[in-house]
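# Results of the structural survey
Here are the chains, one letter per residue:
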Amino acid sequence: MSTREPGVRRLVIVGASLAGLRAAESARRTGWDGEIVLVGAEDHLPYDRPPLSKAQLDHRTGDDLVPLRSRDELDGLGVTTLLGTPATGLDTDGRRVLLGDTAVAYDALVIATGATPYRLPGADGIAGVTGLRTHSDAVAVRRALDAGARTVVIGAGFIGSEIASAARKRGLPATIVERLEVPLSRSLGPEPGAICADLHRDAGTDLRLGVGVSGLESTGGRVTGVVLDDGTTVPADLVVVGIGVRPATGWLEDSPVALHDGDRGVLCTASLATSVPGIWAAGDVAHFPNVRFGGDLMRLEHWTNAAEQGALAARNALAGTGEEIAFLDTIPYFWSDWYGHRLQFVGTPRADEVVTVGPHGPGAIVLYRRGTQLAGVLTIDRPRDIMKFRRLVMEPGSWDEALFQAADRVTASA
Amino acid sequence: MRIDVDRSRCEGLGMCEAMAHEFFEVGDDGFVVVLDEAPDEGQRAFIRAAIDSCPVSALSLRD
Ligand SMILES: Cc1cc2nc3c(=O)[nH]c(=O)nc-3n(C[C@H](O)[C@H](O)[C@H](O)COP(=O)(O)OP(=O)(O)OC[C@H]3O[C@@H](n4cnc5c(N)ncnc54)[C@H](O)[C@@H]3O)c2cc1C
Ligand code: SF4
């Protein structure tokens, strides 16, 4: 083990979720034996979010919070947690993270504060209206479904789609309101978006496209309906707002840490260094140039990305002088489960051409081309195939091969 | 060294295959198949990384 950065004795990680936890674990794995302090706004030990919109909404499973690591495991790793303690500011001169009236000093810092859902204007204080990001959000949604709520999801993104799916699985009415004419067309493209729309319709979800929300109706402080800007009202007992998230960087606004002009995420290099020496970032909060995709600046909201970046940020934060700093070499990957279908995506949808091979529905393979390169792949219900395509995304000049393999796999499964 | 799969946990997400397709493959039923259950000691770090990448901790190594 090479000598660690002289003077680095305390690693502070702000954000006690997936990226933050992985940062702590990877710090220990590098053999580093200094202090680790994990600061989190939520009262809970780090837990996993994907189940919040999947298993935890199912009436057959429990909604208990199972942390990713137990208190004992964290103690074993020598990680001090400061939970229920949001960071309120950053003093880079004094090397301190401000926590309201107190502060914690750092020698190296990893920012892993993730993202928070956008709120619907005018919805604050109306019962029955929520986002879905935290365990308590999931409990609220679940309770409403248990009570047989008529559900309206605002925004046809992946999480919103999973919520509609959970409602339909219980036989409850579900409506999705989406401003775009085709759901997910911005993130996946129009044709795959249309396939996703059919998944909703086939499951009996009422999909209202090309229409916005102009307000909410409520009685006695409880929501009763969603008013659309075409003048119609959809009755609702539960309204889940899924119109996107923004990086949780309010606490960094007055600091010299450079933030993205648009969404205020933390701007990082390919090694996850921020603009301030000694400060690194990881997960949903971080923008980084992806060398694999022409240096495109990406901010991903995917589980595997948060896990991978958390580990990398801590390793680089603690690397000794002269030690090699690792760069991200990521092929983005995420999955989403709706109505018993599994959608999986590898790579990037920013492409010159999008081709759907096979059925325009379950079993589809959608290929995204950039130049002569396979840049991305979406599969529906093909758990066996997706990672084989991931390998092709890594190969230069892989487009023709991808078309060939996709046709081959579709024939094999026909 | 042996690779164990907890089939009740595996969700067929395929990260293990992405990291080490020589050792893991997701089948049509959406569960992982371990292609070589008793791999060479020299592969330990490589396999460890794949096991750690599993989002639902379905994989483990046994000596
Ligand atoms: C309902 C749901 C379903 C999902 N499903 C999938 C899926 O199927 N597949 C997939 O790939 N990804 C999925 N994701 C995305 C995945 O969970 C995220 O990418 C991942 O959680 C990001 O981890 P993170 O640690 O970067 O941020 P987060 O998980 O957002 O954690 C950030 C933490 O920092 C805390 N924090 C914020 N501000 C402060 C502050 N000022 N001080 C201290 N702490 C602070 C927050 O309270 C939070 O606990 C899903 C997400 C959600 C919400
Ligand atoms: S990564 Fe985990 S869940 Fe995914 S296929 Fe491998 S073992 Fe199963």
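Note on numbering: residues in each chain are counted from 1, in written sequence order. A letter from A marks each chain and a number from 1 marks each ligand, given out in the order of writing. Under the rules for a predicted model, residues below a pLDDT of 70 receive no local features and side-chain atom pairs below 80 are neither given nor counted, while totals for whole chains, interfaces and linings still include all residues. With hydrogens and water stripped out, all remaining heavy atoms of the structure feed into the side-chain values.

## Structural notes on the UniProt feature "domain: Reductase C-terminal" (unreviewed entry) in chain A
As annotated by UniProt and renumbered to match this structure, "domain: Reductase C-terminal" (unreviewed entry) occupies residues 333–402 of chain A. The way it works is that DSSP assigns letters per residue, a run of H or I at least four long becomes a helix, a run of E at least two long becomes a strand, and they are numbered from the N terminus. Secondary structure over residues 333–402 of chain A splits into 17% helix and 46% strand, and the C-alpha atoms at its two ends are 17 Å apart. UniProt positions are given in the numbering used here, feature names are shortened, and annotations may be inferred rather than shown by experiment.

## A short note on the sheet that holds strand S26 (residues 373–380) of chain A
Strand pairing in a sheet relies on backbone hydrogen bonds, with the paired strands running either antiparallel or parallel. Residues and elements named next belong to chain A. Pairing is antiparallel across the open sheet formed by 5 strands, whose spatial order is S22-S23-S26-S25-S24. Looking at the sheet topology across the chains shown, the edges are occupied by strand S22 (333–338) and strand S24 (353–357). On average, adjacent strands in this sheet sit at an angle of 15° to one another, irrespective of strand direction. Helix H9 (residues 399–413) contacts S24, strand S25 (365–370) and S26 of the sheet and is inclined by roughly 175° relative to S25. Here, any two strands with at least 2 DSSP bridges between them count as paired. Fitting a line to C-alpha atoms yields each axis, with helices limited to the stretch in contact; the angle taken between N-to-C directions then spans 0 to 180 degrees. Contact between two residues is taken to exist if any of their heavy atoms lie within 4.5 Å; hydrogens are not considered.

## Things to note about the nonpolar core
Residues and elements named next belong to chain A. The biggest cluster of nonpolar side chains holds 80 residues, and the ones touching the most others in it are Val97, Ile111 and Leu367. With 8 residues, helix H7 (residues 303–318) is the single largest residue contributor to this core. Those residues in contact with valine 97 that lie beyond four places of it in its chain are Val12, Val14, Ala87, Gly89, Leu90, Thr102, Ala103, Val104, Tyr106, Leu109 and Trp251. Within this scheme, the nonpolar core is defined by two criteria: the residues are buried Ala, Val, Leu, Ile, Met, Phe, Trp, Tyr or Cys, and they are joined through side-chain atoms within 4.5 Å. Under the scheme applied here, a residue whose accessible area is under 20% of the maximum for its type counts as buried, over 50% as exposed, and between as partly exposed, the area being computed with a 1.4 Å probe on protein chains only. By size, the runner-up hydrophobic cluster in this structure holds 37 residues, among which are Leu132, Val141, Leu343 and Phe345.

## Notes on the packing of aromatic side chains
In summary, the pairing rule links any two rings of Phe, Tyr or Trp, Trp by its six-membered ring, whose centres are within 6.5 Å, and it sorts them by plane angle into stacked for under 30 degrees, edge-to-face for over 60 and tilted for everything else. Overall, the coordinates contain 7 aromatic pairs over all chains when judged by the stated rule. Note on tryptophan 338 of chain A and tyrosine 339 of chain A: the rings are 6.5 Å apart at their centroids and 80° apart in plane angle, and the pair reads as edge-to-face. A relative accessible area of 0% means that tryptophan 338 of chain A is categorised as buried. Note on tyrosine 339 of chain A: relative accessible area 16%, which makes it buried. Each member of the aromatic cluster is reached from another via a ring pair, and the members are Phe158, Phe334, Trp338, Tyr339, Phe345 and Tyr368 of chain A. Any Lys NZ or Arg CZ found within 6 Å of a ring centre and within 35 degrees of that ring's normal is scored as a charge over the ring. Just above the ring of phenylalanine 31 of chain B sits the side chain of arginine 7 of chain B; from NZ or CZ to the centre is 4.3 Å.

## Considering the site of ligand 2
Here a residue counts as near a molecule or strand whenever at least one of its heavy atoms sits within 4 Å of it. Close contacts around ligand 2 come from 14 residues, with Cys10, Leu13, Gly14, Cys16 and Cys54 of chain B the closest. In this classification, the charged set is Asp, Glu, Lys and Arg, the nonpolar set is Ala, Val, Leu, Ile, Met, Phe, Trp, Tyr, Cys and Pro, and all remaining amino acids, among them Gly, are polar. Considered class by class, the residues forming the shell around ligand 2 number 11 nonpolar, 2 polar and 1 charged.

## Re the packing of helix H1 (residues 18–29) of chain A against H7 of chain A
For any two helices packed against each other, one specifies the crossing angle of their axes together with the interaxial distance. Residue and element names in this part refer to chain A. Close contact between H1 and H7 brings their axes to 7 Å; oriented N to C, the two are set at 40°. Taken together, the axis directions place H1 and H7 in an arrangement best described as oblique. Handedness of the H1/H7 crossing: right-handed. From H1, Leu18, Ala19, Arg22, Ala23, Ser26 and Ala27 reach across to H7, where they touch Trp303, Ala306, Ala307, Gly310, Ala311, Ala314, Arg315 and Leu318. Residues belonging to the contact of H1 with H7 are distributed by class as follows: 10 nonpolar, 2 polar and 2 charged. Geometric relationships in this document are graded by angle, where less than 35 degrees denotes roughly parallel, more than 145 denotes roughly antiparallel, 65 to 115 denotes roughly perpendicular, and other angles denote oblique. A crossing counts as left-handed when the near helix is turned anticlockwise from the far one by less than a right angle, and as right-handed when that turn is clockwise.

## Some remarks on unusual backbone geometry
All names here are of chain A. Look at leucine 272: it is not a glycine, yet its phi comes out positive at around 75°. Checked against the element boundaries, leucine 272 lands in the loop between strand S18 (266–267) and strand S19 (279–281). The residue tyrosine 339 is not glycine, and still its phi comes out positive at about 50°. With respect to the element layout, tyrosine 339 can be found in the loop between S22 and strand S23 (341–347).

## Here we look at the site of ligand 1
Residue and element names in this part refer to chain A. Taken together, 33 residues lie around ligand 1, and Ser17, Glu42, Arg49, Lys54 and Arg133 are the ones closest in. For this analysis, a polar contact is any N or O atom pair within 3.5 Å, provided that within protein one partner can donate a hydrogen and the other can accept it, and provided that sequence-adjacent residues contribute only side-chain to side-chain pairs. Residue arginine 49 places a side-chain N or O atom 2.6 Å away from an oxygen atom belonging to ligand 1. Within the side chain of lysine 54, one N or O atom sits 2.5 Å away from an oxygen atom of ligand 1. Against a free-state accessible area of 1,000 Å², the protein chains account for coverage of 93% of ligand 1. Those elements that place two or more of their residues in the shell around ligand 1 are H1, H7 and S22. Accessible surface area values rest on a Shrake-Rupley calculation with a 1.4 Å probe, where residue burial reflects the displayed protein chains alone.

## Some remarks on the pattern of salt bridges
Side chains that carry opposite charge are capable of pairing whenever their charged atoms lie near each other. Take a side-chain nitrogen of Lys or Arg and a carboxyl oxygen of Asp or Glu: if they are within 4 Å of each other, that pair is a salt bridge. Tallied over the full model, the rule gives 41 salt bridges over all chains. Arginine 350 of chain A is the salt-bridge partner of aspartate 296 of chain A, the closest N and O atoms lying 3.2 Å from each other. Here aspartate 296 of chain A is found in strand S21 (residues 296–298), whereas its partner arginine 350 of chain A is found in the loop between S23 and S24, with 54 residues between them in sequence. The exposure class of arginine 350 of chain A is partly exposed, given its relative accessible area of 44%. Salt-bridge contacts for glutamate 301 of chain A lead to arginine 299 of chain A; the nearest nitrogen and oxygen are separated by 2.9 Å. Three or more residues joined by partner-sharing salt bridges are found here, namely Arg384, Lys388 and Arg391 of chain A together with Glu17, Glu25 and Asp28 of chain B.

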